[in-house]
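If you want the building blocks of each chain, they are given just below.
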Amino acid sequence: MKHITKLLLAGSTALFASAAAAQQTHIRVAMQLEPPHLDPTSAAAQAIDAVVYSNIFEGLTRFMSDGSVVPGLAESWEISEDGLTYTFHLRDGVTFHDGTTMDAEDVKFSLDRARAEDSANAQKALFTSIADVTVIDPLTVQLTLSAPNGSLLFNLAWGDAVIVAPESIEDIATNPIGTGAFMFSNWVQGDRIDIARNPDYWGTPANLETATFRFISDPTAAFASVMAEDVDVFTGFPAPENLPQFEADPRFQVLVGNTEGETILAMNNQRAPFDNVLVRQAVAHAIDRQAVIDGAMYGLGTPIGTHFAPHHPDYVDLTGISQYDPERSRELLAEAGFADGFDTTLKLPPPSYARRGGEIIAAQLRAVGINAEIENQEWAQWLESTFRGYDFGLTIVSHTEPMDIGIYANPEYYFQYDNAELQELMATLDVTSDPAARSEMLAEAQTIIAEDYVNGYLFELAFPTVARAGIEGLWLNQPTSAIDLTGVTWP
Amino acid sequence: MIRYTIGRLTSLILSLVVASVVIFAVVEVIPGDPAAYMLGVNARPDTVAALRAELGLDVSLPQRYLAWTTGMLQGDFGQSYTYRSPVSQMIADRVWVSVPLALFALSMTVLIAFPAGIYAASRRGKAGDITVMGATQLGVAVPNFWFGMILVLIFAINLRWFSAGGFPGWDQGLFTGLKALFLPAIALALPQAAILARVMRSSLLDMLGEDFIRTARAKGLSRRQALWRHAVRNALIPVLTIIGLQFSFLLAGGIVIEQIFFLPGLGRLIFQAISARDLIVVESVVMLLVFLVIMVNFTVDLAYAAVDPRLRART
């Protein structure tokens, strides 16, 4: 009898020990929005990339957390003298999660699908410079460009450019099959997505055996889920006002990283009175950026003076051009013929940076005589009437696409800035691959739009993550939307 | 009884047809294109057009209405625009959270309200009555989402007895499922119980003043016997009406509570679908809720007839 008790005891200790060990290889990650489906190549929803980027799908190149672009499924590449031919050498022995081999045919299939006539790729523009994709041998693929493109390797790192297989493309939206260190295992819609370690991964295998993504949109519920330890990590924590409480709690760590989100007060450059540069300048000087950051984001965010990410090496600090100066703002308005101010509209999409920031900016504008009437819009409505319909005076939005200063060269983009000099500059930049020359041109472009006061430049969106103390390897920054779990470890 | 039932059935079918037209019309006029929403700000117009065609959004409105309704009659709710999966499957998954939650909350409502209402009525004007009525006053005044937040604060964050939300699934066992729904059900039930207790009390008090109660007392029944044998049964008619309304409210009203407890129910589905302009999902879920509400009302109508034979004679 004693014997049996002992055995049972030993058994139960073993059970507990393995339970404790098992816990260390599973992680519960929460995020605010649920992906609508899991195909990163046919939608813009950032939640899709958050789950699948690097975990499930990989591209020829990939982003690291610091924003650098490194080899992904392509081990190396050569670029021809004229910059028109890129030869990629693929890694050997890479298989998809269904066991099929990843080879040059898959690369051709993926890129041709993304740039096809009837493609539903949300970032089709990334692929426009590609004229042809040729399979040289199973591990070599050649891209021929119609014109040199200095950002091709960068473009190929996007989640929209990941490599997919023709064998599994049919069900990619609900059963994504990629080459990543994790395999998709289950999706309870509305609640969670489970992924499991890929035992046949070509690179360093993941430390975690399994991971669960949960979707908690309500900020109060987000706070409760972390405090009750229902989740281990909350990426993109929606309530910045709660962060100090987590920082003070030894159970948690708070990471505040940067994003590619330039948050701007966009002005309708073709509509009076914003077609007058004096008025735009007056608006820019009326804004107290720090007050917006403190009031709307509880201090999270870096002030910007142009449309460029401050952590980027080519960033130029131009905040001085649009310094907060209500006196000067009133003078400029008078000079432009609006001594008594004017009325306009301020359209606000749902995120809190826009809704909270909008209230503060409206008050700041009122102080110089500009009466901006606030209208709250849902995203779908904002896209239709403000973004595509140009029906706005002012709006606040964060441009989260990386390196998107090129939008200023498109006169049809919603703020409708039309400047031939900048358009020419961006066209030259596109075909330049010399790094020094590119830096110079990017600096010039930043200065042109800042001095033209195209938009009111507010701040770079911060990315807060709350995690259990001791968890390491999480991405601090968001060069692209991703919750890369491949390097995450428990203490 | 048969004629009465047929009359109710006709009105049920008519209501469903009218509801489907209204829902479709209202949802389709909301500004915002689902394809444009899905593809975001960098999408090119030809890409949006390609996706619209893929989703079947390029055909005329009447055609889409017909396809939707005829599909529904065959149990096919169509394909979600954003999720790219069958709507009927999505609804089937969610119903297993929302309906048990509503039923759980409703039974709590009844379990709290009946004793409270009867107790208060039998102690009219005394301390017990005043206490119960005071508590219900508070219950009616406090919104359920606030109750939900307070419950989470106490039982999930401080005491750690329950998780703050989420639903593990029924395959984890009945107890685990019920435990996950416990706090949300209480949050939903308390305000409703307060309302129902008040209705129960006043309806009972009305009955207690009726002649037949005096007759019952005169033939020798005690106060308590008269209350239980005659008053309670007759007081149930208005109470049933309220319960019917409350069940509909609990089903549809779960939207807010499902957000707070991040439960994968119909409310959350509809919430996400509206912001993503997943029109077909919105239409189908609303239609389903309307259907359930109409069915509940139908059942309540039949229950009236069962409780009160006089109603059968009419219509």
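Residues numbered from 1 in each chain as written. Chains lettered and ligands numbered in written order. Predicted model: local features only at pLDDT ≥ 70, side-chain atom pairs only at ≥ 80, totals over all residues. Heavy atoms only, no water.

**Details of the overall build of chain A**
The following threshold applies: Runs of H or I in DSSP of at least four residues are treated as helices and runs of E of at least two as strands, each being numbered from the N terminus. Relative accessible area decides the class of each residue, using a 1.4 Å probe on protein chains only: under 20% of the type maximum gives buried, over 50% gives exposed, and in between gives partly exposed. For this analysis, residues touch if any pair of their heavy atoms sits within 4.5 Å. Areas reported here follow the Shrake-Rupley algorithm with a probe of radius 1.4 Å; residue values treat only the protein chains shown as occluding. By the counting rule applied here, Lys and Arg register as positive and Asp and Glu as negative, while His and the ends of each chain are not counted. Working definition for charges: the position is that of NZ of Lys, CZ of Arg, CG of Asp or CD of Glu.
Along the backbone of chain A there are 13 helices and 17 strands. For the C-alpha atoms alone, the extent of chain A along its principal axes is close to 95 × 60 × 35 Å. Looking at chain A as a whole, 56% of its 491 residues qualify as buried. Long-range pairs, those at least 24 residues apart, make up 67% of the contacts in chain A between residues at least 6 apart in sequence. Accessible surface, chain A as shown: approximately 18900 Å² in total, 53% of it carbon and sulfur. Separation between the mean location of the 25 positive side-chain charges and that of the 68 negative ones in chain A comes to 9 Å.

**Focus: the UniProt feature "transmembrane region" (unreviewed entry) in chain B**
All names here are of chain B. In plain terms, the rule: UniProt positions are given in the numbering used here, feature names are shortened, and annotations may be inferred rather than shown by experiment.
The feature "transmembrane region" (unreviewed entry), as given by UniProt, occupies residues 12-30, 95-120, 132-157, 177-197, 235-257 and 285-307 in the numbering adopted here. Helix makes up 92% of residues 132-157 and strand 0%, with an end-to-end C-alpha separation of 29 Å. As annotated, residues 177-197 has a helix share of 100% and a strand share of 0%, and its two end C-alpha atoms lie 28 Å apart.

**Quick word on the domain arrangement of chain B**
Residues and elements named next belong to chain B. Keep this limit in mind: Domains are outlined according to an automatic or database domain assignment. When two parts are put together, the accessible area they lose, computed with a 1.4 Å probe and summed over both, is reported as buried area. A pairing counts as a salt bridge when a side-chain nitrogen of Lys or Arg comes within 4 Å of a carboxyl oxygen of Asp or Glu. Counted as a polar contact is a pair of N or O atoms within 3.5 Å, where, for protein atoms, one must be capable of donating a hydrogen and the other of accepting one, and residues adjacent in sequence contribute only when both atoms are in side chains. Residues are grouped as follows: nonpolar covers Ala, Val, Leu, Ile, Met, Phe, Trp, Tyr, Cys and Pro; charged covers Asp, Glu, Lys and Arg; every other residue, Gly included, is treated as polar.
Segmentation of chain B into domains returns domain 1 (2-73) and domain 2 (90-314). On a C-alpha basis, the centres of domain 1 and domain 2 stand 32 Å from each other. Contacts between the two partners involve 21 residues from domain 1, matched on the other side by 21 residues from domain 2. Summed over both sides, the interface between domain 1 and domain 2 buries roughly 1900 Å², with carbon and sulfur atoms accounting for 76% of that surface. Along the contact surface separating domain 1 from domain 2 lie one salt bridge. Salt-bridge contacts for Asp-301 lead to Arg-8; the nearest nitrogen and oxygen are separated by 2.7 Å. Where domain 1 meets domain 2, there are three residue pairs in polar contact (both at pLDDT 80 or more). At the level of elements, helix 1 (2-29), helix 2 (34-39) and helix 4 (61-73) are the ones that each hand at least two residues to the side of domain 1 that touches domain 2. At 13 residues, the largest contribution of residues to the side of domain 1 that touches domain 2 is made by helix 1. Taken together, the residues of the side of domain 1 that touches domain 2 sort by class into 14 nonpolar, four polar and three charged.

**Some points on helix 3 (residues 45-55) of chain B**
All names here are of chain B. The line we're drawing: What the arc measures is the spread of directions leading from the helix axis to the C-beta atoms.
The complete set of buried residues in helix 3 reads Thr-47, Val-48, Ala-50, Leu-51 and Leu-55. Seen along its axis, helix 3 keeps its buried residues to an arc of 160°; they face one direction. Those residues of helix 3 hidden inside the fold are in contact with helix 2. Of the residues trailing helix 3, Gly-56 is marked for its positive phi of about 75°.

**A word on the environment of Ser-80 of chain A**
Residues and elements named next belong to chain A. Its place among the elements puts Ser-80 in the loop between strand 4 (74-79) and strand 5 (85-90). Note: C-alpha distance between Ser-80 and Phe-184 (104 residues apart in sequence) is 38 Å. A polar atom in the side chain of Ser-80 sits 3.3 Å from the backbone nitrogen of Leu-84.

**Here's the deal with the environment of Ala-74 of chain A**
Residue and element names in this part refer to chain A. Inspection of the secondary structure assignment puts Ala-74 in strand 4. In this structure Ala-74 comes out as buried when scored by relative accessible area, which is 0%. In sequence terms Ala-74 and Arg-251 are 177 residues apart; their C-alpha atoms lie 40 Å from each other.

**Quick notes on the pairing of strand 7 (residues 140-145) of chain A**
All names here are of chain A. Our working definition: Being paired, for any two strands, means DSSP has found at least two bridges between them.
Relative to strand 7, strand 5 is paired through five bridges, and the arrangement is antiparallel. Its bridge partner lying in strand 7, Thr-85 is registered against Thr-144. When strand 6 (residues 130-137) meets strand 7, the two strands line up antiparallel, connected through six bridges. Paired with Thr-134 across the bridge in strand 7 is Gln-142. Two successive antiparallel strands, strand 6 and strand 7, enclose a turn made up of two residues.

**Details of the nonpolar core**
Nonpolar side chains tend to gather and get buried jointly when the protein is soluble and globular. The criterion, for reference: Throughout this description, the term nonpolar core refers to a set of buried Ala, Val, Leu, Ile, Met, Phe, Trp, Tyr and Cys residues connected via side-chain atoms within 4.5 Å.
Ile-27, Phe-213, Phe-237, Phe-246, Tyr-408, Tyr-414 and Leu-485 of chain A are the most contacted members of the largest nonpolar core, which has 215 residues in total. Here the element with the most residues in this core is helix 8 (residues 174-208) of chain B; it accounts for 16 residues. When residues of this core are assigned to domains, at least three fall in each of domain 1 (2-73) and domain 2 (90-314) of chain B. Once you skip the residues sitting within four places of it in the chain, Phe-237 of chain A turns out to touch Ala-222, Phe-223, Val-226, Asn-242, Leu-243, Phe-246, Pro-464 and Val-466 of chain A.

**Focus: the sheet that holds strand 5 of chain A**
Residue and element names in this part refer to chain A. Heads up, the condition is: Angles shown run from 0 to 180 degrees and are taken between the N-to-C directions of axes, each axis being a line fitted to C-alpha atoms and, for helices, limited to the stretch in contact.
Pairing is antiparallel across the open sheet formed by four strands, whose spatial order is 4-5-7-6. Every other strand in the sheet has two partners, leaving strand 4 and strand 6 as the edge strands with one partner each. Ignoring strand direction, the axes of neighbouring strands in this sheet form an average angle of 20°.

**Considerations on the packing of helix 9 (residues 211-218) of chain B against helix 10 (residues 223-252) of chain B**
Residue and element names in this part refer to chain B. For clarity, the threshold we go by: When an angle is under 35 degrees it counts as roughly parallel; over 145 it counts as roughly antiparallel; between 65 and 115 it counts as roughly perpendicular; any other value is oblique. Note: crossing handedness is left-handed where the near helix turns anticlockwise from the far helix by less than a right angle, and right-handed where it turns clockwise.
Where helix 9 contacts helix 10, the axes come no closer than 9 Å and their chain directions differ by 150°. One element, helix 9, and the other, helix 10, form an angle in the roughly antiparallel class. For the pair helix 9 and helix 10, the sense of crossing is right-handed. Facing Phe-212, Ile-213, Ala-216 and Arg-217 of helix 9, the residues of helix 10 in contact are Arg-223, Ala-226, His-230, Ala-231 and Asn-234. A breakdown of the residues in the contact of helix 9 with helix 10 according to their chemical character gives five nonpolar, two polar and two charged.

**Things to note about a negative patch on the surface**
All names here are of chain A. How we decide: Note that patches include only residues with greater than 30% relative accessible area and no salt bridge, and the join distances are 9 Å for like charges and 5 Å for nonpolar side chains (Val, Leu, Ile, Met, Phe, Trp, Tyr).
Negative charge collects at one region of the surface, where Glu-421, Glu-424, Glu-440 and Glu-444 lie side by side. Counting only elements with at least two residues in the negative patch, the list comes to helix 12 (420-430) and helix 13 (435-451). Locating Glu-440 in the fold gives a position in helix 13. You can call Glu-440 exposed: its relative accessible area is 61%.

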